[in-house]
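Inside the fold
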Amino acid sequence: MSEAERSESTEQDEDDTLVVERRRRVLIVDDDPDFLVMAEAELAAHGFQVERATGGLRGVFLATQDVPDVILCDLRMPGIDGFVVAEALRADPATQHVAIFACTGRRDLEARAALNASAFDGVLVKPVDWDSAARLLNEIVGGRTPYGSPQGA
């Protein structure tokens, strides 16, 4: 199956016309294999094409090889943490426009302050409400402006 076939879904509209819709691609970067499996299943059920990366270095590699529409990235991982992943992807012209969400269980004020000053577009707090997350990801990816651009530019 080609990449185009994997990233598209087809359906019939009211006039029996074949409609091809591109599936939105999500890369999940986390060091917890159980979270990766659960997140993939949840997002796939919401119509996303999902790729998983175990760890930050692998996440950066996969994101630059086949640029996703959105990235969910854990903050605390051995080796390269989520902050380093986000900064590396923002520094690369191929991935600087991608929506990147921190996905963390941390709720403390120090973590919030660090996230506000980071390269992330937003945060999903674990345990994730996947219905709300899917709605948010669809909204963000559908109306995406490049990171750092003024709204409406």
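Read on for an overview of the structure. The model shown is predicted, which means the values in this text are computed figures rather than measured ones.

Reading guide: rules and limits
- Residues numbered from 1 in each chain as written.
- Predicted model: local features only at pLDDT ≥ 70, side-chain atom pairs only at ≥ 80, totals over all residues.
- Heavy atoms only, no water.
- Axes fitted to C-alpha atoms, helices over the stretch in contact; angles between N-to-C directions.
- Helix = DSSP H or I, 4+ residues; strand = E, 2+ residues; numbered from the N terminus.
- Parallel < 35°, antiparallel > 145°, perpendicular 65-115°, else oblique.
- Left-handed = near helix turned anticlockwise from the far one by under 90°.
- Contact = heavy atoms within 4.5 Å.
- Nonpolar A, V, L, I, M, F, W, Y, C, P; charged D, E, K, R; others polar.
- Expected span 1.5 Å × (residues − 1).
- Buried < 20%, exposed > 50% of the residue type's maximum accessible area, 1.4 Å probe, protein only.
- Arc of directions from axis to C-beta.

With that settled, the discussion passes to the packing of helix α3 (residues 56-65) against helix α4 (residues 82-91). For the pair α3 and α4, interaxial distance at closest approach is 9 Å and the crossing angle is 20°. Taken together, the axes of α3 and α4 are roughly parallel relative to one another. Of the two possible hands of crossing, α3 and α4 adopt the one that is right-handed. Every residue of α4 that contacts α3 at Gly 56, Val 60, Ala 63 and Thr 64 is listed here: Val 85, Ala 88 and Leu 89. Along the lines of polarity and charge, the residues of the contact of α3 with α4 split into five nonpolar, two polar and no charged.

For the rest of this paragraph, the subject is helix α2 (residues 33-45). Its 13 residues give α2 an end-to-end C-alpha distance of 18 Å, which sits within 8% of 18 Å, the value for a rise of 1.5 Å per residue. For α2, every residue scored as buried is listed here: Phe 35, Leu 36, Ala 39 and Leu 43. For α2, the angular spread of the buried residues around the axis is 100°, confining them to a single face. What points out from α2, more than 90 degrees from its buried face, is the exposed set Pro 33, Asp 34 and Ala 45. Residues of α2 that are buried in the fold lie against β3 (25-30), β4 (49-54), β5 (70-74), β6 (99-104) and α6 (130-142).

Just geometry here; none of it tells us what the structure is for.
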